[in-house]
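# Chain and residue survey
Chain by chain, the residues run as shown.
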Amino acid sequence: MFRRSKQESAPEPAVAKVGGKGRPTPTRKEAEAAAKARAKGAPRTRKEQATAQRSTRSESSKTVRQAMRDGDERYYPARDKGPERRFVRDFVDSRFSLIELVIPLLLVTMILGYSGNASLARVGNTLLLGTVVVVVMDLFLLRMRLKKAFAPRFPGKSTKGLTYYAVTRAMQMKFMRLPKSQVRIGQQLPDDYR
């Protein structure tokens, strides 16, 4: 009665589960190895996170600095991107400006002022006042010439912010400017910057 029959019924074929994950379940050994690998790569403490962020920032800034030296505009900061900014950089770099001499002249006036000699201090003060007057006149001329050269190349474009950009670039000595200068002093600028 409770015995098996002599004829074994054939096993039913395995039906694939609908909506399954499509891969076998990993063994415990494989799962632990994968968990260790994930834990090893991610920083766990605040100090490790700060170190990872610092190294990422360092790599990013190295890329940007190298691009600014090479002239690769894809990696420039937003303040330096665009044809208008490139024109302003070229315009400032193609002319000699007395503004570039501000830092060395300020250093000379500081040395003369602290020399202890009253006549040298007066010379230093006069030199400082003369430098300020020349710089203000040069900035005014730079602004007027920039607007005059900008209008035919970019008709209908606003010049908002370009004067400040030109002044900050002009106040740096030529070898310290970033992005690096792409033109020489006195070089004729192209008419099309698009």
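From a predicted model like this one, the values you see are computed outputs, not experimental measurements.

## Things to note about the confidence of the model for the protein
Should pLDDT be low for a region, the predicted coordinates there are not to be read in detail. Summing up the model confidence of the protein, the mean pLDDT is 87 and the portion of residues at 70 or higher is 91%. The secondary-structure element of the protein with the lowest mean pLDDT is helix α1 (residues 28–41), recorded at 85, while helix α3 (residues 83–93) shows the highest, at 94.

## Side note on the side chain of Arg153
For Arg153, the position within the fold is in helix α5 (residues 118–153). In terms of polar contacts, Arg153 uses its side chain to reach the backbone carbonyl oxygen of Ala149, at 3.0 Å. From its side chain, Arg153 meets the backbone oxygen of Leu189 in a polar contact 3.5 Å long. Ignoring any residue separated from it by four or fewer positions in sequence, one finds Arg153 in contact with Phe87, Leu189, Pro190, Asp191, Tyr193 and Arg194.

## Points about the environment of Leu127
Relative to the elements of secondary structure, Leu127 occurs in helix α5. With a relative accessible area of 31%, Leu127 lands in the partly exposed category. Taking C-alpha positions, Leu127 is 30 Å from Val88, a pair spaced 39 residues apart along the chain.

## Examining the packing of α3 against helix α6 (residues 162–170)
It is the contact of α3 with α6, at a shortest axis distance of 10 Å, that shows an interaxial angle of 40 degrees. By the angle between their directions, the pair α3 and α6 is classed as oblique. Considering the relative orientation of α3 and α6, their crossing is right-handed. Here Glu84, Arg85, Val88, Arg89, Val92 and Asp93 of α3 lie close against α6, whose contacting residues are Leu162, Tyr165, Ala166, Arg169 and Ala170. Among the residues making up the contact of α3 with α6, the classes are represented as 6 nonpolar, no polar and 5 charged.

## Describing the pattern of salt bridges
The tally for this structure, following the rule as stated, stands at 10 salt bridges. Linking Glu73 and Arg86 is a salt bridge whose minimum nitrogen-to-oxygen distance equals 3.5 Å. Of this pair, Glu73 sits in the loop between α2 (46–70) and α3 while Arg86 is found in helix α3, placing the two residues 13 residues apart along the sequence. Classification of Arg86 as partly exposed rests on a relative accessible area of 30%. Linking Arg169 and Asp93 is a salt bridge whose minimum nitrogen-to-oxygen distance equals 2.8 Å. Of this pair, Arg169 sits in helix α6 while Asp93 sits in helix α3, placing them 76 residues apart in sequence. By relative accessible area, Asp93 is classed as buried at 1%.

Reading the values: rules and limits
Note that residues are indexed from 1 along each chain, following the sequence as it is written. Only residues with pLDDT of at least 70 are given local features in this predicted model, and only at 80 or more are side-chain atom pairs given and counted; all residues enter the totals for whole chains, interfaces and linings. As a rule here, side-chain values cover all heavy atoms of the structure and leave hydrogens and water aside. One confidence number per residue, pLDDT, is output by the predictor and ranges from 0 to 100. Secondary structure counts use DSSP, requiring at least four H or I residues in a row for a helix and at least two E residues in a row for a strand, with both numbered from the N terminus. Here a polar contact means two N or O atoms within 3.5 Å. Within protein one must be a hydrogen donor candidate and the other an acceptor candidate, and residues neighboring in sequence count only if both atoms are side-chain atoms. The contact rule is simple, with two residues in contact once any of their heavy atoms fall within 4.5 Å. Throughout, exposure labels follow a simple rule: accessible area from a 1.4 Å probe, protein chains only, divided by the maximum for the residue type, with under 20% read as buried, over 50% as exposed, and the rest as partly exposed. To obtain an axis, a line is fitted to C-alpha atoms, over the contacting stretch when the element is a helix, and the angle between two such axes runs from 0 to 180 degrees between their N-to-C directions. Throughout this description, any angle smaller than 35 degrees is read as roughly parallel, any larger than 145 degrees as roughly antiparallel, any in the 65 to 115 degree range as roughly perpendicular, and the remainder as oblique. A crossing counts as left-handed when the near helix is turned anticlockwise from the far one by less than a right angle, and as right-handed when that turn is clockwise. Only Asp, Glu, Lys and Arg are considered charged, only Ala, Val, Leu, Ile, Met, Phe, Trp, Tyr, Cys and Pro nonpolar, and every remaining residue, Gly among them, polar. Any Lys or Arg side-chain nitrogen found within 4 Å of a carboxyl oxygen on Asp or Glu counts as a salt bridge.

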